[in-house]
Amino acid sequence: MAESPIEPQYFASFDGTRIAWRELGEGRPAILIHGYFSTAEVNWLKFGHAAKLAARGFRVIMPDLRGHGSSDRPHDAAAYPPDALMRDGLALVAHLGLTDYDLGGYSLGGRTTMRMLANGATPRRAVLSGMGLTGILRTAGRGDYFRRVLTNPGSFERGSNEWMTEAFLKTTGGDPVALLRVLDTFVDTPRAALDAIAIPTAVVTGAEDDDNGSGAALADALPNAVYREVPGGHMSAVTKPELGQAIADFLAA
């Protein structure tokens, strides 16, 4: 028998944008943020990662980023100021009244986690997955790639990275206009800001994932980080049970 989907809950973020989140499990709060084009359901529920954390005694809190999933997907440029995703994350922490919690994300969720850490978030532990050093220091490169995919639909060679990214967009029902606007929120994190993040952090990336640069280099750039490698590339590592296992093992340690 198929599991019934988890109904979203909603809150109004810093500018009134309605942000959705879902929860699984009870216990220690752990916020997990999904990647670009994805949703909380696809990133964390579909492949069992959230269930692994819930089984270890966590209350897994999974927002849909603005412009994604069940959250508002406005088309107005004014709804996508720089660091809007970071501000939504901090607003969720405040809305839920969390003071002792863990925080992590995959890909854009990892970058959003980093922006939250650089702007005063104080989780007990943090996880940056599907993210490397280049994707933190210089966001423009990946932004240009996604801009190309979103503005040239149907033009990519079958099997190419762009073709696979476009196929993923279709499976998640993404809104290309809103997703283009999300690119305007990206903010680089200077290396000096990384030096100041003393929170214990795990960097977890696929062995073949260099989409955002080196995960090992990102771990080396943080004062208190460990690097964990899991099987797969950027699009496949998130489907592997080893990802959820590595996150659960680190947060439960």
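Scroll up to find the structure.
What this report covers is the structure whose coordinates are included nearby.

Reading the values: the criteria
Residues numbered from 1 in each chain as written. Predicted model: local features only at pLDDT ≥ 70, side-chain atom pairs only at ≥ 80, totals over all residues. Heavy atoms only, no water. Helix = DSSP H or I, 4+ residues; strand = E, 2+ residues; numbered from the N terminus. Buried < 20%, exposed > 50% of the residue type's maximum accessible area, 1.4 Å probe, protein only. Contact = heavy atoms within 4.5 Å. Areas by Shrake-Rupley, 256 points an atom, 1.4 Å probe, with all protein chains shown as cover. Axes fitted to C-alpha atoms, helices over the stretch in contact; angles between N-to-C directions. Parallel < 35°, antiparallel > 145°, perpendicular 65-115°, else oblique. Salt bridge = Lys/Arg side-chain N within 4 Å of Asp/Glu carboxyl O. Pairing = 2+ DSSP bridges. Right-handed = clockwise from strand over helix to strand, strands pointing away. Left-handed = near helix turned anticlockwise from the far one by under 90°. Nonpolar A, V, L, I, M, F, W, Y, C, P; charged D, E, K, R; others polar. Expected span 1.5 Å × (residues − 1). Arc of directions from axis to C-beta.

A count of helices and strands for the protein gives 11 helices and eight strands. Taking the principal axes of the C-alpha coordinates as reference, the protein spans close to 45 × 40 × 35 Å. Split into buried and exposed, the 253 residues of the protein put 53% on the buried side. In the protein, the share of contacts with a sequence separation of at least 24, taken over all contacts with a separation of at least 6, comes to 73%. Summed over all atoms, the accessible surface of the protein reaches about 10,500 Å², with 51% contributed by carbon and sulfur.

This paragraph deals with the environment of Gly130. Looking at the secondary structure, you find Gly130 in the loop between β6 (126-129) and α5 (133-137). In this structure Gly130 touches Tyr106, Ser107, Val204, Thr205, Asp209, Asn212 and His234, once residues within four positions along its chain are discounted.

In contact at an axis separation of 9 Å, helix α3 (residues 84-96) and helix α4 (residues 108-118) are set at 70° when each is read in the N-to-C sense. On the basis of their axis angle, the class for α3 and α4 is roughly perpendicular. Contacts from Leu85, Met86, Gly89, Leu90 and Val93 of α3 reach α4 at Leu108, Thr112, Arg115 and Met116.

All right, on to the pattern of salt bridges then. When the charged atoms of two side chains with opposite charge come close together, those side chains can pair. What the rule picks out here adds up to 12 salt bridges. For Arg28, the salt bridge identified is with Asp102, shortest N-O distance 2.8 Å. Here the residue Arg28 occupies a position in strand β3 (residues 28-33), and Asp102 occupies one in strand β5 (residues 102-106), the gap between them amounting to 74 residues. Across this residue pair, the class does not change: Arg28 and Asp102 are buried. Here Arg115 ties to Asp83 by a salt bridge, and the two come within 2.8 Å at their closest N and O atoms. Separated by 32 residues along the polypeptide, Arg115 in helix α4 and Asp83 in the loop between β4 (58-63) and α3 bring together distant segments of the chain.

Tracing the sequence through the fold places Thr201 in strand β7 (residues 201-206). Using a relative accessible area of 2% as the deciding quantity, one classes Thr201 as buried. Look past the residues within four positions of Thr201 in its chain and what remains in contact with it is Ala126, Leu128, Leu222, Asn224, Ala225, Val226 and Phe250.

On to the pairing of strand β8 (residues 225-230). Bridging between β7 and β8 involves six bridges; their strand directions are parallel. What sits directly across from Thr201, in β8, is Ala225. Taking the sense of rotation as the criterion, the β-α-β connection linking β7, helix α10 (residues 215-221) and β8 turns out right-handed.

If you want to describe how two helices pack, look at the angle between their axes and the distance between the axes. At their nearest, the axes of helix α6 (residues 140-151) and helix α7 (residues 161-172) sit 10 Å apart, and the two run at 65° to each other. Overall, the two elements α6 and α7 adopt an arrangement that is roughly perpendicular. For the pair α6 and α7, the crossing hand works out as right-handed. Contacts from Tyr145, Phe146, Arg148, Val149 and Leu150 of α6 reach α7 at Asn161, Glu162, Thr165, Glu166 and Leu169. Partitioning the contact of α6 with α7 into residue classes produces five nonpolar, two polar and three charged.

As a further point, take α7. Counted at 1.5 Å a residue, the expected span for α7 with its 12 residues is 16 Å, and the 17 Å between its end C-alpha atoms agrees. Looking only at α7, the buried set comprises Glu162, Thr165, Glu166, Leu169 and Thr172. Angular distribution of buried residues about the axis of α7 spans 125°; they occupy a single face of the element. In α7, the exposed positions that point more than 90 degrees away from the buried face belong to Lys170 and Thr171. Packing partners of the buried residues in α7 comprise α1 (40-45), α6 and α8 (176-182). Of the residues flanking the end of α7, it is Gly173, one or two places downstream, whose phi is positive at about 65°.

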